[in-house]
Amino acid sequence: MTTTQTLAFPEEDLVGWERALYAFLVEKQRRSGSLRTVQGYSSMLQDFFGRLGKAPDKVTAQEVFVWAHGKGVSGKDPCPTTIGARMACLSSFFRFLQRMDVVVSNPCDKLERPRMSTPPARGLSAEEVRRLLSIIPDTPQGLRDRAIILTLVLTGRRRAEVFRMTAGDLSFENGVCFYSYRGKGGKNGRREFPQPALDALRAALAAFGKDLGTMGPMESLWPSRGTVGDRGLTSGTFYGRFRRYLEKAGLAPSGLHLLRHTAAKLRRDAGETVEGVSQFLDHSSLAVTSVYLRRLENQEDRGWGRVAEAIGVVYHQAEHAEAGSEMEPKA
């Protein structure tokens, strides 16, 4: 994790407060599994305490309100989403301090969060996914990008979870490939790696001179150059390529999270129940999610076949006979 900058805490307990902040960020990274989230929280906390120059136990609700609703570096008034994010960040930090018996109260509890309108659900249709896949070139990089897109769409995993995948995360049982992952909130799981995505992955690796059978367990599934010491493609680099693919396919610009929405939309369109989609995405409360994970752990995924058929992906049926005849795409 990146080291935090020195904050303007009072000198009498500077080290203690900085240690508390660092411990909070370490726990946040462990629970969320997202370095981007930690960096965002660190930046907001540095901004707040840097401006205020007070120790956390001296902060008032009024001071939180003024900061949360204050203008940013752009000089513009913050939107409700930004205000909510600022409050959520501070509130999370103070809840941590309360659990550690460092402070007695959370000043954010006295504030009312802004009302935010829920944006309409996004997600590409099956036809749009087919159009997107059709414009990706058959170069090594294109084959890799196709494998990444299919993995995101057919597994519904988050971007960070997919780009963290290494050869050691894959295992085979009775001809079925499974992947292990560490999801949001530190949840660990193991699910089937859909055969169309696996076929695309093998084709991409072969184009880079790699093979799953000989790769080291820590090698990235998404080669960048295919050379020794290749650390794999970063999500930031792929984001730029993805935006260009969308433009070439005549689709609206968007981020990679669009593909997680797409995964949910296509599951629902294919007849999956709302509960089934919730299980698929690891959503809902922690208590309910733990039940979902117990149901899905080590089980074959019976839903990706219908989605693969809808988006026109052909996979090697003979290699995946275990999936059941009802899941085989029609010729």
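Look up a bit, the structure's there.
Residues numbered from 1 in each chain as written. Predicted model: local features only at pLDDT ≥ 70, side-chain atom pairs only at ≥ 80, totals over all residues. Heavy atoms only, no water.

Observations regarding the pattern of salt bridges
So, step 1. Applying the stated criterion across every chain, the model contains 12 salt bridges.
So, step 2. The shortest N-O distance in the salt bridge between K71 and D77 comes to 2.7 Å.
So, step 3. For K71, a relative accessible area of 46% gives the class partly exposed.
So, step 4. The exposed category is assigned to D77, whose relative accessible area is 57%. (Salt bridge = Lys/Arg side-chain N within 4 Å of Asp/Glu carboxyl O. Buried < 20%, exposed > 50% of the residue type's maximum accessible area, 1.4 Å probe, protein only.)

So, the packing of aromatic side chains
So, step 1. For the structure shown, the criterion picks out 11 aromatic pairs.
So, step 2. With 5.9 Å between their ring centres and 85 degrees between their planes, Y179 and F193 make a pair best called edge-to-face. Of this pair, Y179 sits in strand β2 (residues 176-182) while F193 is found in the loop between β3 (188-192) and α8 (195-207), placing the two residues 14 residues apart along the sequence. Like F193, Y179 is buried.
So, step 3. Judged by centre distance (6.2 Å) and plane angle (25 degrees), the rings of F238 and F242 are stacked. With F238 and F242 both in helix α9 (residues 235-248) and four residues apart, the pair spans about one turn of that helix.
So, step 4. Judged by relative accessible area, which is 0%, F242 ranks as buried.
So, step 5. Here R86 stacks its cationic end above the ring of W67, 5.6 Å away from the centre of that ring.
So, step 6. For R157, the ring lying beneath its charged end belongs to Y181, and the centroid distance is 3.8 Å. (Phe/Tyr/Trp six-rings, centres within 6.5 Å; stacked < 30°, edge-to-face > 60°. Helix = DSSP H or I, 4+ residues; strand = E, 2+ residues; numbered from the N terminus. Lys NZ or Arg CZ within 6 Å of the ring centre and 35° of its normal.)

Here's the deal with helix α2 (residues 35-52)
So, step 1. Taking 1.5 Å of rise per residue, the 18 residues of α2 would be expected to cover 26 Å, and the 26 Å separating its terminal C-alpha atoms lies within 8% of that figure.
So, step 2. V38, Y41, S42, M44, L45, Q46, F48 and F49 are the residues of α2 that are buried.
So, step 3. In the stretch just after α2, G53 is the one whose phi turns positive, near 70 degrees. (Expected span 1.5 Å × (residues − 1).)

A few points about the packing of helix α3 (residues 61-68) against helix α4 (residues 80-99)
So, step 1. Between α3 and α4, whose axes approach to 9 Å, the crossing angle comes to 140 degrees. The interaxial crossing formed by α3 with α4 has right-handed handedness. Of α4, the residues touching α3 (which contributes V64, W67 and A68) are I83, R86, M87 and L90.
So, step 2. Across the contact of α3 with α4, the residue classes break down as six nonpolar, no polar and one charged. (Axes fitted to C-alpha atoms, helices over the stretch in contact; angles between N-to-C directions. Left-handed = near helix turned anticlockwise from the far one by under 90°. Contact = heavy atoms within 4.5 Å. Nonpolar A, V, L, I, M, F, W, Y, C, P; charged D, E, K, R; others polar.)

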